[in-house]
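Chain residues, written in single-letter form:
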Amino acid sequence: MGSLQEQVAKLAEKLLASQRTVVLTGAGVSTESGIPDFRSPGGLWSKVDPLYAFSAETFVKRPEVFYQLGLPHLASITSAKPNRAHEVLAALEKTGLVSCVVTQNVDGLHQQAGSSRVLEVHGHLRTATCMECGSKISWDFLLEKVFAGQIPPRCTDCRGIFKPDCVFFGDSMPQDFDEAIKESSASELLVVVGSSLEVAPVNYLPTVAGELVIINLGPTMADHKVSLKVGGKAGQVMDLLWENLMRNGLVS
Ligand code: NAD
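Residues numbered from 1 in each chain as written. Predicted model: local features only at pLDDT ≥ 70, side-chain atom pairs only at ≥ 80, totals over all residues. Heavy atoms only, no water.

Asks: Mind showing me how you'd approach the site of the ligand here?
Replies: In the vicinity of the ligand, 28 residues are found, and the nearest of them are R39, Q104, H122, S195 and S196. One of the side-chain nitrogen or oxygen atoms of H122 is found 2.6 Å away from an oxygen atom of the ligand. Within the backbone of A234, one N or O atom sits 2.8 Å away from a nitrogen atom of the ligand. Burial of the ligand by the protein amounts to 93% of the accessible area it has alone, namely 850 Å². When residues of the shell around the ligand are sorted by domain, at least three fall in each of domain 1 (1–35 + 82–122 + 173–252) and domain 2 (38–75 + 123–166). (Near = heavy atom within 4 Å. Polar contact = N/O pair within 3.5 Å; in protein donor to acceptor, adjacent residues only side chain to side chain. Areas by Shrake-Rupley, 256 points an atom, 1.4 Å probe, with all protein chains shown as cover. Domains from an automatic or database assignment.)

Asks: When you look at the side chain of N105 in this model, what are you seeing that I'm missing?
Replies: The topology assignment puts N105 in the loop between strand 2 (100–103) and helix 6 (109–113). Given a relative accessible area of 8%, N105 falls into the buried group. A polar contact is formed between the side chain of N105 and the backbone nitrogen of A27, at a distance of 3.1 Å. Residue contacts for N105: discarding those within four places in its chain leaves T25, G26, A27, V29, S30 and G123. (Helix = DSSP H or I, 4+ residues; strand = E, 2+ residues; numbered from the N terminus. Buried < 20%, exposed > 50% of the residue type's maximum accessible area, 1.4 Å probe, protein only. Contact = heavy atoms within 4.5 Å.)

Asks: Even after reading the chapter, I still don't get the pairing of strand 4 (residues 123–130), so can you show me in this structure?
Replies: In terms of residue burial, strand 4 counts as a mostly covered element, since 6 of its 8 residues are buried. Here 4 bridges tie strand 4 to strand 6 (residues 162–166), and the two strands are oriented antiparallel to one another. The residue of strand 6 that forms the bridge with A128 is P164. Pairing analysis gives 3 bridges linking strand 4 to strand 5 (residues 136–138), with the strands arranged antiparallel. Following the sheet pairing, T129 is matched in strand 5 by K136. (Pairing = 2+ DSSP bridges.)

Asks: It is not clear to me how the packing of helix 5 (residues 84–95) against helix 10 (residues 234–247) should be interpreted in this structure. Could you clarify?
Replies: When two helices pack together, their arrangement is given by the angle between the helix axes and the distance between those axes. It is the contact of helix 5 with helix 10, at a shortest axis distance of 7 Å, that shows an interaxial angle of 35°. Along this stretch, helix 5 crosses helix 10, giving a crossing that reads as left-handed. For the pair helix 5 and helix 10, the contacting residues are R84, A85, V88, L89, A91, L92 and T95 in the first and A234, G235, M238, D239, L241, W242 and L245 in the second. The residue makeup of the contact of helix 5 with helix 10, split by class, is 10 nonpolar, 2 polar and 2 charged. (Axes fitted to C-alpha atoms, helices over the stretch in contact; angles between N-to-C directions. Left-handed = near helix turned anticlockwise from the far one by under 90°. Nonpolar A, V, L, I, M, F, W, Y, C, P; charged D, E, K, R; others polar.)

Written out as structure tokens, the structure is:
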């Protein structure tokens, strides 16, 4: 397995050898920005059952469940700042070493860090849509309504209920997921960062990619398929990767 430095050196070699690299990120890439993931100790799963609080079926029957149990966990996400992992991934795109980032995260931190090709396969927290008439409001306005006691928040035009534009368990996948399948199928290398790969259908993506590398603190569902597993913190690994590429004069 080797030291973390040795693992990162191998990662650098693989990145340089690949003509087309896609990065797939999960909640673990944002824990160093202060956003808890689902499955780590102390993560969201230990506080609320996401399969209930973020269930599409429950939302239709009892939207107040999401607004009372789920939304408070999402409300702090939008004030988080990108960490070193987001920054290095954005820089790797600029140098051409990464062709796009596919993210399961709804926090928008890749775009904030400067990544321009980001496929958000679980949606985002920028807007919410009225389930009756389809009109949209901003995330901030949604929070304003909820914090003013409007649960569930309703459309002023038709009285329909607003739902955030992120994917709930049981929802169909957005168009970005079709794009992510195309990108992953066309990739020579898929680098997964900070995901347990337990959530379907995203965990299908590593099965269509050329070669698989995983950077994750804990075990994942696809560990048996990797050509390299880097067991470190995303921010530290990405920092070491950038240093390695700089030392070898490959980026500046
Ligand atoms: P997950 O919680 O199932 O897995 C996260 C993985 O990251 C774990 O295996 C953990 O060991 C690892 N990890 C934690 N911190 C790390 C770090 N600093 N460096 C490297 N690895 C680290 O998350 P998932 O696979 O993304 O699935 C959870 C679902 O919940 C996804 O749909 C995701 O979109 C959503 N979610 C999103 C956010 C967010 O937007 N930031 C936060 C929580 C959950």
